[in-house]
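# A structural walkthrough
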Amino acid sequence: MFDTPELNAFRERIRSVLREKLPADVREATRCGQLIERDRLVAWHELLAADGLLVPHWPTEWGGQGWSVTQQMIYDEEVAMADAPELNSVTFDMIGPVLVRYGNPAQRKRFLPAIASGRQWWCQGYSEPNAGSDLAALATRAERRGDHYIVNGSKIWTSYAQYADWMFCLVRTSRDGKPQEGISFLLIDMKSAGITVRPIVGVHGWVVFNEVFLDNVEVPVDQLIGEEDKGWTVAKSLLEFERLKLARIGENKRRMARAKEAAMTRTDDGVRIADQPWFRSRFAELEMRLIALEANAGRFIARQQAGEKIGADVSMLKMRGSRLIQLWEELTVDALGPEAMPLSPDWLYAGADAPRQDSLAGTASSRRFLARGYTIAGGSSEIQHNILAKQVLGL
Ligand SMILES: Cc1cc2nc3c(=O)[nH]c(=O)nc-3n(C[C@H](O)[C@H](O)[C@H](O)COP(=O)(O)OP(=O)(O)OC[C@H]3O[C@@H](n4cnc5c(N)ncnc54)[C@H](O)[C@@H]3O)c2cc1C
């Protein structure tokens with residue numbers, strides 16, 4: 001699908017930039033599956049930004065290169081295969097494109113250059129303790145008082161809120177009409193008085209998630225995106241921006257390579273894992289699934305390039321791509337056997353003093369647990385099944 005002379009040359013250019021620019025310590029930490037702290041990630045963003053590779057999918061007016069979906073997918077694949085950190089999609093794929101489409105000129109000017117520089121970090125304040133899949137049930141409220149809102153409530157599962165400078169947040173501004181009708185989309189400075197971020201340590205040992213409490217937080221009205229009570233349209237559009245990318249082909253290929261490496265370097269009873277029938281059949285099945293996923297993603301890309309509507313059946317890409325990531329992680333853990341069991345907090349973080357570790361076994365269990373989230377975040381697999389059943393199959 002991606003095999004044309006132009007696209008091959010494009011791929012080669014990306015590859016060589018990544019080879020040249022990616023700092024060895026960041027590559028090693030990513031390869032080991034360690035979590036990298038904010039400062040080093042920001043430094044990496046800055047390096048990419050200098051080459052125009054941080055937000056290449058944005059319009060040129062705002063520092064992007066207006067890439068096609070195909071180019072973006074090749075880029076994501078090369079980033080994954082180079083063991084470069086996955087870029088924070090909340091910042092670069094969600095709020096950036098939302099501001100491009102829905103921000104007023106002052107809002108765009110204020111935020112887009114800062115995001116494109118790589119130095120500003122965003123988090124997403126959608127989910128609440130009683131509003132996840134049923135997001136329209138959200139209860140965090142914002143009351144207008146003159147030229148600002150007063151926001152009260154709490155958010156949960158807010159990824160990397162501990163790193164964030166800003167949060168885009170869904171708040172309830174009205175209880176009239178359908179639940180979707182009284183929701184607004186606000187940008188909130190994480191340094192505002194009244195915000196408390198409480199980390200949640202995951203079963204994998206990392207702090208990815210947080211609770212965010214908002215207690216009489218003042219938000220200037222010029223930080224409202226779009227119209228008051230009409231935030232649902234803005235909120236939904238976030239998903240559109242990355243529907244095709246949710247197949248996560250690159251991340252799947254990276255995991256396939258790790259599973260293979262584990263099997264080639266480990267033995268059981270003197271026999272290489274890669275030569276054992278159980279491994280070979282599972283690997284072959286997953287590889288076939290990946291080939292099918294890529295072919296399927298190609299169909300949707302072709303539709304998009306032909307100017308056709310993408311359609312609700314695109315849900316299958318998210319459903320299949322996220323489950324496949326979990327299956328690769330499980331295969332790697334099984335290939336490593338007891339070696340995958342230890343879970344040392346020292347191994348998980350990639351601070352400058354982090355001890356050296358085996359690049360495959362050190363974080364294998366953690367990564368496996370972390371991968372559980374893929375079939376929940378961004379609309380769980382059950383919700384994707386519902387969409388396919390109702391909107392595609394008409395059940
Ligand atoms: C890795 C990860 C990162 C996340 N990051 C963020 C973030 O940065 N910001 C943010 O706002 N949120 C974030 N979330 C939260 C995520 O959006 C929610 O977890 C998700 O929407 C599901 O909501 P819930 O956890 O409340 O589960 P619930 O909605 O309570 O669902 C519980 C179970 O019931 C099933 N279920 C629910 N409704 C139906 C239905 N109608 N039909 C069939 N089954 C159903 C679900 O599939 C699930 O299995 C993140 C989650 C994960 C896992």
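All residue numbers here refer to positions counted from 1 along the written sequence of the relevant chain. In keeping with the model being predicted, local features are shown solely for residues with a pLDDT of at least 70 and side-chain atom pairs are shown and tallied solely at 80 or more, while totals for entire chains, interfaces and linings include all residues.

Below, the discussion takes up helix α8 (residues 249–265). Between its first and last C-alpha atoms α8 spans 25 Å; for 17 residues at 1.5 Å apiece the expected length is 24 Å, and the two agree. Working definition of a contact: two residues with C-beta atoms, positioned from the backbone, lying within 7 Å. Helix numbering and strand numbering both begin at the N terminus, where a helix is a DSSP run of H or I of at least 4 residues and a strand a DSSP run of E of at least 2. Buried residues along α8 sit in contact with α4 (69–81), α9 (277–305) and α10 (315–336). To estimate the expected span of a helix, subtract one from its residue number and multiply by 1.5 Å.

If you check the domain split of the protein chain, you get domain 1 (5–87), domain 2 (122–232) and domain 3 (243–392). Every contact between the two is made by six residues of domain 2 and, on the other side, eight residues of domain 3. Charged residues are taken to be Asp, Glu, Lys and Arg, nonpolar residues to be Ala, Val, Leu, Ile, Met, Phe, Trp, Tyr, Cys and Pro, and polar residues to be all remaining types, Gly included. The residue makeup of the side of domain 2 that touches domain 3, split by class, is two nonpolar, four polar and no charged. Throughout, the edges of the domains are those of an automatic or database domain assignment.

Near, as applied to residues and a molecule or strand, means the residue's backbone-placed C-beta atom lies within 6 Å of it. The environment of the ligand is made up of 17 residues, and the closest members are Tyr126, Gly132, Ser133, Gly373 and Ser380. Grouping the amino acids of the shell around the ligand by side-chain chemistry returns six nonpolar, 10 polar and one charged. Built from parts of two domains, the shell around the ligand gets at least three residues from each of domain 2 (122–232) and domain 3 (243–392).

Our focus in this paragraph is helix α3 (residues 38–50). Given a rise of 1.5 Å per residue, 13 residues ought to cover 18 Å, and the 18 Å separating the end C-alpha atoms of α3 matches this to within 8%. On its buried face, α3 is in contact with α2 (24–31). One or two residues past the end of α3 sits Gly52, with phi positive at roughly 70°.

What follows concerns the pairing of strand β4 (residues 166–172). Among the seven residues of β4, seven are classified as buried, and the element is accordingly described as predominantly covered. The two faces of β4 match: Trp166, Phe168, Leu170 and Arg172 on one face and Met167, Cys169 and Val171 on the other face are all buried. With four bridges connecting them, strand β1 (residues 122–125) and β4 associate as parallel partners. Across the sheet, residue Gly125 finds its bridge partner in β4, namely Cys169. Pairing between strands is defined by DSSP: at least two bridges between the two strands are required. In this structure, β4 lies alongside strand β5 (residues 183–189), joined through seven bridges in antiparallel fashion. By the bridge assignment, Val171 is partnered in β5 with Ser184. With C-beta atoms placed from the backbone, a residue is labelled by how many other C-beta atoms lie within 10 Å of its own: buried for 20 or more, exposed for 12 or fewer, partly exposed between the two.

Here strand β2 (residues 141–145) pairs with strand β3 (residues 148–156) via five bridges, running antiparallel. Paired with Glu143 across the strands is Ile150, a residue of β3.

Turning our attention to the packing of α8 against α10. The N-to-C vectors of α8 and α10 enclose an angle of 15°; their axes lie 9 Å apart at closest approach. Taken together, the axes of α8 and α10 are roughly parallel relative to one another. Crossing geometry of α8 relative to α10 is assigned as left-handed. Together, Glu251, Asn252, Arg255, Met256, Arg258, Ala259, Ala262 and Ala263 of α8 and Gly321, Leu324, Ile325, Trp328, Glu329, Leu331, Thr332, Ala335 and Leu336 of α10 make up the contact between the two elements. Of the residues assigned to the contact of α8 with α10, the class counts are 10 nonpolar, three polar and four charged. Angular values range over 0 to 180 degrees, each being the angle between N-to-C directions of two axes fitted as lines to C-alpha atoms, with helices fitted over their stretch in contact. An angle below 35 degrees is read as roughly parallel, one above 145 as roughly antiparallel, one from 65 to 115 as roughly perpendicular, and any other as oblique. We call a crossing left-handed when the near helix sits turned anticlockwise from the far one by less than a right angle, and right-handed when that turn is clockwise.

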